[in-house]
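Coordinate analysis (summary)
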Amino acid sequence: MKVLVPIKRVVDYNVKVRVKADNSGVDLANVKMSMNPFCEIAVEEAVRLKEKGVATEIVAVTVGPAAAQEQLRTALALGADRAILVEANEELNSLAVAKLLKAVVYKEQPQLVILGKQAIDSDNNQTGQMLAALCGYAQGTFASKVEVSGDKVRVAREIDGGSQTVELSLPAIVTTDLRLNEPRYASLPNIMKAKKKPLETVTPDALGVSTASTVKTLKVEAPAARSAGIKVKSVAELVEKLKNEAKVI
Amino acid sequence: MHDLELSEEQRMIRDMARDFARREIAPKAQSWEKAGWIDDTLVTQMGELGLLGMVVPEEWGGSYIDYVAYALAVEEISAGDGATGALMSIHNSVGCGPILRYGSQKQKERWLPSLASGQAIGCFCLTEPHAGSEAHNLRTRAELKDGHWVLNGAKQFVSNGRRAQLSIVFAVTDPELGKKGLSAFLVPTDNPGFVVDRSEHKMGIKASDTCAVTLNDCVIPEANLLGERGKGLAIALSNLEGGRIGIAAQALGIARAAFEAALGYARERIQFGKPIIEHQSVANMLADMHTQLNATRLLVLHAARLKSAGLPCLSEASQAKLFASEMAERVCSHAVQIHGGYGYLEDYPVEKYYRDARITQIYEGSSEIQRLLIARELAHYDL
């Protein structure tokens, strides 16, 4: 079974991001970039499926600038067999990415697509769902457990108030939640091997996909700074403020 | 992020080591220090990741890429815990290194794959109670009797002494030949004549086990001679550059951890109505610390590049080690200072960094020895 793992290059989770002075977006100059943590979980799950003998080939794919090859190499070092870079220099919205991924799905014909439920840069939580809709495949989102048997995949989903288990017919789309697994570290020998694994670059044009956006980002702003707290003199004053100012009791 | 000069592979290794150190090492460093022992599972994990075979080529089961990757990895691991950085650096440079360069085919086959994968840890028994910087003045004797070497003597400051499966022991084989009468031997530590007397109680890197060892009629096969008879001193001094690059990177890692702790604290600690980083005297300290850290990294990576290219770098490696270790004490001291009274408490990590950093000016050639070497190399400086 072939597994396709779409991943994304994002600002490293340790970086404290800053909004650009002109409010056009987040300042990415000299900022450390990494693989989106949810995507690491997706790669790990695919590698575990391969170790169990369920998956036979893992293909990592990303849509992004040439520099996103770094994240593909990381995926290769973690255990993916080959990688595809869909080279796009402008920032694309979720629908454009889903359309590009659909073209890759049609070309590669994977039985399973595993991707992060969202990317920590824009937190959209859309690409997996859009991809499922565009392909007409079943989807199991927010997975905390994935079990493939025969032509079905059973996905335990994290939902409000508990866990829901769904069974999907393959081919299917699965998006990963935090508790699905704990990703491994890439070992040095595997980092060295990754250099020799194939990495192919394609363009949106070659895939026949228009990435024209229907959404325009107007303004990006930092969250409002929290105002300082105050000290109250008595419990009575506290209760009064909770009732009348904060209106929480 | 100023890493334009690094290859994609070097960056991946640095990032992996950083991630690993942040998640698996730093949170446990304090408890290991109390126990005086680095968790065995962590050492196994480091072995599996290839961090313990970074000077051994792939054909021997190692993960050598170059000394830049090695220095970057040691810096990251040491930023997590100085003692773990010591274990890593010492195992790589003086545990694996001598067998790689001087081992026979058989010795390499027997030991290199297990050392490079961390299944066996190596230690280095050179120093003796009265022979530190004067490394050639050994008293441990090795005598050939009926096809076996019999070793007798006392060794001091043996890092990884209790953890190691293999020790490289230096001893006098031919006393009349002076410096040319020393030889090196491979001694498995389960030999009944290899006796670990005690673990030393140290000022810092307490989780790194440093031992005094006695060789008590330690009988080993004749074939355990490493390299040629009489080449002991050359073997002992063969990888000074690699070892010094490792310790320089360790000092750099400890100092960076101290700097980052101080920076974080200075942003949060409010005095006189504003974060102390906005007080000029604190800001200036942090500016100096950051500058010195970056200058050190340039020196360390420069020496590492020369070493990787096979170019002579005795002076450069000594400069990196001298500068890094002395910088580390200053930076860690500033980090304690910025924390004020809290910096003196065990509740904050900086007092440990300060203690851990101190050793880097002493082992793998003291600052005085580094200056001596750098000055000696000046004889070849063209004006």
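None of the values given here were measured: they were computed from a predicted structure.

**Concerning the nonpolar core**
Counting 162 residues, the largest nonpolar core has A:Leu112, B:Phe20, B:Leu51, B:Leu151 and B:Ile338 as its most contacted members. With 15 residues, helix H8 (residues 240-268) of chain B is the largest single contributor of residues to this core. Once you skip the residues sitting within four places of it in the chain, B:Leu151 turns out to touch B:Arg141, B:Ala142, B:Val169, B:Phe185, B:Val187, B:Leu215, B:Asn216, B:Asp217, B:Cys218 and B:Ile220.

**What about the pattern of salt bridges?**
All names here are of chain B. All told, the structure shown has 38 salt bridges over all chains when counted by the stated rule. We note a salt bridge from Glu-346 to Lys-34, for which the minimum N-O separation is 2.7 Å. Placement of the pair is Glu-346 in the loop between helix H10 (314-339) and helix H11 (350-358) and Lys-34 in helix H2 (residues 29-35), with a sequence separation of 312 residues.

**So, the side chain of B:Thr173**
All names here are of chain B. Topologically, Thr-173 is positioned in the loop between strand E4 (166-172) and strand E5 (182-188). Its relative accessible area of 5% is what places Thr-173 among the buried residues. In contact with Thr-173, other than residues within four places in its own chain, are Arg-141, Ala-142, Trp-149, Gly-181, Leu-182, Ser-183, Phe-185, Arg-229 and Gly-230.

**Notes on the interface of chain A and chain B**
It is common to give the size of an interface as the accessible area lost on bringing the parts into contact. Counting residues at the interface gives 18 residues for chain A and 26 residues for chain B. The junction of chain A with chain B conceals about 2000 Å² of combined surface from both sides, 58% of it contributed by carbon and sulfur atoms. Where A:Lys32 meets B:Asp15, a salt bridge forms, and the shortest distance between an N and an O atom there is 2.7 Å. Applying the counting criterion to the chain A and chain B interface returns six residue pairs in polar contact (both at pLDDT 80 or more). Among the elements of the structure, helix H2 (69-78) and helix H5 (188-194) of chain A are those that each provide at least two residues to the side of chain A that touches chain B. No other element matches the five residues that H2(A) contributes to the side of chain A that touches chain B. Counted by class, the side of chain A that touches chain B contains nine nonpolar, five polar and four charged residues.

**Points about unusual backbone geometry**
Residue A:Pro171 is bonded to the preceding A:Leu170 through a cis peptide linkage, with omega at -5 degrees. Along the chain, A:Pro171 falls in the loop between strand E9 (162-169) and strand E10 (172-176). Not every positive phi belongs to a glycine, and A:Asn30 is a case in point at roughly 60 degrees. Its location among the elements puts A:Asn30 in the loop between strand E2 (9-11) and strand E3 (33-35). Unlike most non-glycine residues, B:Asp217 shows phi in positive territory, near 45 degrees. Within the secondary structure layout, B:Asp217 lies in strand E7 (residues 210-221).

Calculation notes
Residues numbered from 1 in each chain as written. Chains lettered and ligands numbered in written order. Predicted model: local features only at pLDDT ≥ 70, side-chain atom pairs only at ≥ 80, totals over all residues. Heavy atoms only, no water. Core = buried A, V, L, I, M, F, W, Y, C linked by side-chain atoms within 4.5 Å. Buried < 20%, exposed > 50% of the residue type's maximum accessible area, 1.4 Å probe, protein only. Helix = DSSP H or I, 4+ residues; strand = E, 2+ residues; numbered from the N terminus. Contact = heavy atoms within 4.5 Å. Salt bridge = Lys/Arg side-chain N within 4 Å of Asp/Glu carboxyl O. Buried area = accessible area lost by both parts, 1.4 Å probe. Polar contact = N/O pair within 3.5 Å; in protein donor to acceptor, adjacent residues only side chain to side chain. Nonpolar A, V, L, I, M, F, W, Y, C, P; charged D, E, K, R; others polar.

In short, geometric facts, not functional conclusions.
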